[in-house]
Amino acid sequence: MSQQSDPYEHTPTAMVFDVFTEVSNELVGLLTHRSDAATDPAERELWWQRVLGVRDARRAADPQNRPALLEHITDWKLEIEQLKAAR
C-alpha cells in the first residue's frame, strides 16, 4: 500500500487493530446515543440495528487482516464525521 492509502504504513498491525477497536467504540457510542434519543420506536430500532451491525463486524474481524481493518477504519471514521455533522 502506498503511504497515501495507508496512513498507518509504519504502524504494526496490532496497533492498527487497536485503532480499529477505538474507532468502532466511538461509532457505537454515537449510534447508541442516537438510538436512546430517538422518540420514534422505528427510528430507535434502526439506530440500534446499526449498533449491532458495528458490534458484529468488530467481533468478526480478523486482527491480522490489515486491509480489512483499514477499510473498516476508513468507513467508520466517515460515518462518525457524518453523524457529528448532522447534530
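Residues numbered from 1 in each chain as written. Predicted model: local features only at pLDDT ≥ 70, side-chain atom pairs only at ≥ 80, totals over all residues. Heavy atoms only, no water.

Peer 1: Residue-level account of the side chain of T13, with values.
Peer 2: When you line up the elements, T13 lands in helix α1 (residues 13–37). At 3.0 Å, the side chain of T13 forms a polar contact with the side chain of R66. When near neighbours in sequence (up to four residues on either side) are disregarded, T13 contacts P63, Q64, R66 and L69. (Helix = DSSP H or I, 4+ residues; strand = E, 2+ residues; numbered from the N terminus. Polar contact = N/O pair within 3.5 Å; in protein donor to acceptor, adjacent residues only side chain to side chain. Contact = heavy atoms within 4.5 Å.)

Peer 1: Help me get a handle on the packing of aromatic side chains, residues and values and all.
Peer 2: On inspection of all chains with the given rule, the structure shows 2 aromatic pairs. On the numbers, 5.5 Å between centres and 25° between planes, the contact of F17 with F20 is stacked. Here the residue F17 and the residue F20 both occupy positions in helix α1, the gap between them amounting to 3 residues, near one helical turn. Looking at F20, the relative accessible area reads 0%, which means it is buried. (Phe/Tyr/Trp six-rings, centres within 6.5 Å; stacked < 30°, edge-to-face > 60°. Buried < 20%, exposed > 50% of the residue type's maximum accessible area, 1.4 Å probe, protein only.)

Peer 1: So what's going on with the packing of helix α2 (residues 41–60) against helix α3 (residues 66–85)? Residues and values would help.
Peer 2: For any two helices packed against each other, the geometry is given by the interaxial angle and the distance between the axes. Closest axis-to-axis distance for the α2/α3 pair is 12 Å, and the angle between their directions is 155°. In this view, α2 runs roughly antiparallel relative to α3, as classed from their interaxial angle. For α2 against α3, the interelement crossing comes out left-handed. Of α3, the residues touching α2 (which contributes W47, R50, V54, A57 and R58) are H72, W76, E79 and L83. Split into classes, the residues belonging to the contact of α2 with α3 amount to 5 nonpolar, 1 polar and 3 charged. (Axes fitted to C-alpha atoms, helices over the stretch in contact; angles between N-to-C directions. Parallel < 35°, antiparallel > 145°, perpendicular 65-115°, else oblique. Left-handed = near helix turned anticlockwise from the far one by under 90°. Nonpolar A, V, L, I, M, F, W, Y, C, P; charged D, E, K, R; others polar.)

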